[in-house]
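Understanding the architecture of this molecule
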Amino acid sequence: MILEGRVHLPFEYAAGVAASRFLTALRDECKILGARCLSCRFVWVPLSSFCPRCGRDSKDILEIAPVGTLRSWTVIHEQGVHRPFPPPITYGLIQLDGAHSSMVHRILCPEEHVKTGMRVRAKFSEKRVGSILDIEGFEPVREANG
Ligand SMILES: [Zn+2]
């Protein structure tokens with residue numbers, strides 16, 4: 001016999017030094033922080049305590065441009081238990097200018113207008129609380145030539 005159920009397990013944990021600095025910069029300054037590894041020169045965002053490529057913790061902390069390129073995306077049409085937004089939700093893999101890594105966030109435009117390679121810009125929430133959702137999502141940017 002198999003019984004189905006759900007476990008609701010709210011929890012809190014310390015974000016740590018690097019993530020706290022990243023979230024504080026989002027909340028207080030609308031700035032996106034990343035880092036450049038002093039060993040392999042990899043630039044990553046969001047800021048974390050060690051290089052995701054080589055694992056070293058020596059780094060320069062950088063302000064990363066809020067503008068980048070949509071590298072990939074998908075649309076979720078089903079309602080999820082813990083999703084913060086109603087479907088459909090477009091999630092994108094965004095490579096901010098100057099960064100080697102990409103970050104996942106919401107894309108703020110209708111699915112029919114989303115294109116891999118399009119330029120996007122972070123839209124910051126008016127009420128920020130120290131969460132990745134202090135960025136509401138990324139909106140398309142109209143380039144001068146397109
Ligand atoms: Zn590295």
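This text goes with the structure placed above it.
This write-up is about the structure you can find in this document. (Residues numbered from 1 in each chain as written. Predicted model: local features only at pLDDT ≥ 70, side-chain atom pairs only at ≥ 80, totals over all residues. Heavy atoms only, no water.)

Next up on the list: the coordination of the zinc ion. On the protein side, the zinc ion has C37 (SG), C40 (SG), C51 (SG) and C54 (SG) as donor atoms, found 2.3 to 2.4 Å from it. Every donor residue of the zinc ion comes from the same chain, spaced as C-x2-C-x10-C-x2-C. Placement of the pair is C37 in strand β1 (residues 32–37) and C51 in the loop between β2 (43–44) and β3 (59–64), with a sequence separation of 14 residues. Classification of C51 as buried rests on a relative accessible area of 1%. (Donors = N, O, S within 2.8 Å, 3.2 Å for Na, K, Ca; no water. Helix = DSSP H or I, 4+ residues; strand = E, 2+ residues; numbered from the N terminus. Buried < 20%, exposed > 50% of the residue type's maximum accessible area, 1.4 Å probe, protein only.)

Another point: the pairing of strand β5 (residues 89–96). Of all 8 residues in β5, 6 are buried, a share of seventy percent or more. Both strand β4 (residues 67–76) and β5 contribute to a ladder of 8 bridges, which runs antiparallel. Across the sheet, the residue bridging to W73 is G92, located in β5. Where β5 meets strand β6 (residues 103–106), 4 bridges bridge the pair, whose relative direction is antiparallel. Considered in β6, the bridge of Y91 is made with R106. Taking the residues between adjacent antiparallel strands as the criterion, β5 and β6 are bridged by 6 residues, where G98 takes a positive phi near 90°. (Pairing = 2+ DSSP bridges.)

What follows covers the side chain of Q95. Residue placement: Q95 occurs in strand β5. Within the local environment of Q95, its side chain forms a polar contact with the backbone oxygen of A99, the two atoms lying 2.9 Å apart. Within the structure, the side chain of Q95 is placed 3.4 Å from the backbone oxygen of H100, a separation counted as a polar contact. Apart from the residues lying within four places of it in its own chain, the contact partners of Q95 are G68, T69, R71, H100, S101 and S102. (Polar contact = N/O pair within 3.5 Å; in protein donor to acceptor, adjacent residues only side chain to side chain. Contact = heavy atoms within 4.5 Å.)

Nothing here speaks to function; it is all geometry.
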